[in-house]
Amino acid sequence: MPSRSVSGGSVSGSAGRPGGPKLHATRRHELGQSFQDGGEHYDRVRPGYPADSVVWLLPPGAKSAADIGAGTGKFTALLVERGLQVAAVDPSTDMLEQLRKSYPGVQALEGTAEATGLADSAFDVVSVAQAWHWCDPLKASTEIARILRPHGVLGLVWNQLDTSVPWVHRLSRIMHAGDVHKPGFRPVIGPEFTDLESHLTNWEDAVSPEDIMELTKSRSYYLRANEATRAKVMGNLAWYLYDHLGHAPGQRLGLPYVTTTWRARKIHGAPPR
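Keep in mind that this is a model prediction, so the values were computed, not measured. (Residues numbered from 1 in each chain as written. Predicted model: local features only at pLDDT ≥ 70, side-chain atom pairs only at ≥ 80, totals over all residues. Heavy atoms only, no water.)

**Student:** Which residues make up the overall build of the protein chain, and what are the values?
**Tutor:** Counting secondary structure elements, the protein chain contains 10 helices and 8 strands. Per-residue burial over the protein chain gives 51% buried out of 273 residues. When contacts within the protein chain are restricted to residue pairs at least 6 apart in sequence, long-range pairs at least 24 apart make up 80% of them. A total accessible area of about 12,300 Å² is found for the protein chain, and carbon and sulfur atoms account for 53% of it. (Helix = DSSP H or I, 4+ residues; strand = E, 2+ residues; numbered from the N terminus. Buried < 20%, exposed > 50% of the residue type's maximum accessible area, 1.4 Å probe, protein only. Contact = heavy atoms within 4.5 Å. Areas by Shrake-Rupley, 256 points an atom, 1.4 Å probe, with all protein chains shown as cover.)

**Student:** Describe the nonpolar core, with residues and values.
**Tutor:** Counting 27 residues, the largest nonpolar core has Leu-118 and Trp-132 as its most contacted members. Put simply, the parts of the chain that give this core at least two residues each are strand E2 (64-68), strand E3 (85-90), strand E5 (123-129), helix H6 (137-147), strand E6 (148-161), strand E7 (193-207) and strand E8 (253-266). Dropping the residues within four chain positions of it, Trp-132 is found in contact with Pro-137, Ala-140, Ser-141, Ile-144, Leu-156, Trp-158, Pro-187, Val-188 and Ile-189. By size, the runner-up hydrophobic cluster in this structure holds 21 residues, among which are Leu-58, Ala-88, Leu-96 and Ala-129. (Core = buried A, V, L, I, M, F, W, Y, C linked by side-chain atoms within 4.5 Å.)

**Student:** Quick rundown of the packing of aromatic side chains? Include the residues and the values.
**Tutor:** Here a ring pair, both rings aromatic, is described through the centre-centre distance and the interplanar angle of the planes. Tallying each qualifying case throughout the model produces 5 aromatic pairs. An angle of 90° between the planes, with centres 5.3 Å apart, marks the rings of Trp-158 and Phe-185 as edge-to-face. Of this pair, Trp-158 sits in strand E6 while Phe-185 is found in the loop between helix H7 (166-175) and E7, placing the two residues 27 residues apart along the sequence. Like Trp-158, the residue Phe-185 is buried in the burial classification. (Phe/Tyr/Trp six-rings, centres within 6.5 Å; stacked < 30°, edge-to-face > 60°.)

**Student:** Describe the packing of H7 against helix H10 (residues 227-244), naming the residues involved and giving the relevant values.
**Tutor:** Contact pair H7 / H10: the axes reach a minimum separation of 9 Å and the direction vectors enclose 160°. The orientation of H7 relative to H10 falls into the category roughly antiparallel. Every residue of H10 that contacts H7 at Trp-167, Arg-170, Leu-171, Ile-174 and Met-175 is listed here: Val-233, Asn-236, Leu-237, Trp-239, Tyr-240, Leu-241 and His-244. Within the contact of H7 with H10, the residues separate by chemical class into 9 nonpolar, 2 polar and 1 charged. (Axes fitted to C-alpha atoms, helices over the stretch in contact; angles between N-to-C directions. Parallel < 35°, antiparallel > 145°, perpendicular 65-115°, else oblique. Nonpolar A, V, L, I, M, F, W, Y, C, P; charged D, E, K, R; others polar.)

**Student:** Mind laying out the pairing of E8, listing which residues take part and the relevant values?
**Tutor:** Counting buried positions over the 14 residues of E8 gives 11, a clear majority of the element. Of the strand pairs in this sheet, E6 and E8 are connected by 9 bridges, and their pairing is antiparallel. Bridging across to E8, Asn-159 finds its partner in Thr-259. With 13 bridges joining them, E7 and E8 adopt antiparallel strand pairing. (Pairing = 2+ DSSP bridges.)

**Student:** Give me the lowdown on the side chain of His-133, citing residues and values where you can.
**Tutor:** If you trace the backbone, His-133 turns up in the loop between E5 and H6. Judged by relative accessible area, which is 16%, His-133 ranks as buried. At 3.0 Å, the side chain of His-133 forms a polar contact with the side chain of Trp-158. (Polar contact = N/O pair within 3.5 Å; in protein donor to acceptor, adjacent residues only side chain to side chain.)

**Student:** Lay out the pattern of salt bridges in plain terms, naming residues and giving numbers.
**Tutor:** What the rule picks out here adds up to 8 salt bridges. Between Asp-211 and Arg-252 there is a salt bridge; the shortest N-O distance is 3.2 Å. Highlighted residues: Asp-211 in helix H8 (residues 209-217) and Arg-252 in the loop between H10 and E8, separated in sequence by 41 residues. The exposure class of Asp-211 is partly exposed, given its relative accessible area of 32%. Among the residues examined, Arg-252 registers a relative accessible area of 52% and is labelled exposed. Notably, a salt bridge pairs Glu-227 with Arg-230, separated by 3.6 Å at the nearest N-O pair. Highlighted residues: Glu-227 and Arg-230, both in helix H10, separated by 3 residues, approximately one helical turn. According to the relative accessible area criterion, Glu-227 is exposed, its value standing at 58%. (Salt bridge = Lys/Arg side-chain N within 4 Å of Asp/Glu carboxyl O.)

**Student:** Tell me about H10, and please be specific about residues and values.
**Tutor:** Since the α-helix turns once every 3.6 residues, residues separated by three or four places project in the same direction. Spanning 18 residues, H10 covers 24 Å between terminal C-alpha atoms, matching the ideal 26 Å at 1.5 Å per step. Turning to H10, its buried residues are Val-233, Met-234, Leu-237, Tyr-240 and Leu-241. In an axial view of H10, the angular spread of the buried residues amounts to 130°, which keeps them on one side of the axis. The exposed set on the far side of H10, more than 90 degrees from its buried face, consists of Glu-227, Ala-228, Ala-231, Lys-232 and Asp-243. Buried-residue contacts for H10 involve H7, H8 and helix H9 (220-224). For H10, the N-terminal cap is Asn-226; the gap from its side-chain oxygen to the backbone nitrogen of Ala-228 is 3.2 Å. Downstream of H10 by a residue or two, Gly-246 has a phi angle that is positive, lying close to 80°. (Expected span 1.5 Å × (residues − 1). Arc of directions from axis to C-beta.)

And the structure:
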């Protein structure tokens, strides 16, 4: 869980434009399939999210939320803690099994951002944390607009290693952390939404070198790699963390992150496409 957080500023605008990882639909599906199992490992090694990301995201008086691409419930947890009635959607049965164990009061069902299976106009906010890059953004926007109430809020959240820190930048390259967004990134959203703006939170996760190695094993590049590539990645990480940086096994260190939270408002009366 986050050990320290410092809120950043906001930037605003209208429709998003590409700037992050560019994936063909077939490749996006192929990589996304790598998360179909391993829910227990994912839940154990992936970081949570800073609390102020959800505080900033939620509109006043919000009572219900749908967390899409919820995985094992890393962001779902913040919605539950704020007292919202929450539905969680994910395509992975294994991930949802972990979520149900942790949050038995959450309605959890298999589905995707493009086909949630949720009721029309049922939610005040819909969040998609660490998953929008796996979605077809225009089809997902249409589906999310359908399940949102008038003027409801779409929230897109990403945890990213803070690559402005030199040692973390090199670490991200060794880990093949391909989801680190380039400067100027703005998510693509459909015409059903307006007033896109973002909020930054800088924080550190308290981890050991071994935790970083396990974190690497939860990433799509590693999960899809062959055994030789996996061994090379682990060898490079061991050299970097122990030999080059001089960390001892089990030593606690702060791993810097930046969490970017985007929100956009549903246009009232937006016609379905």
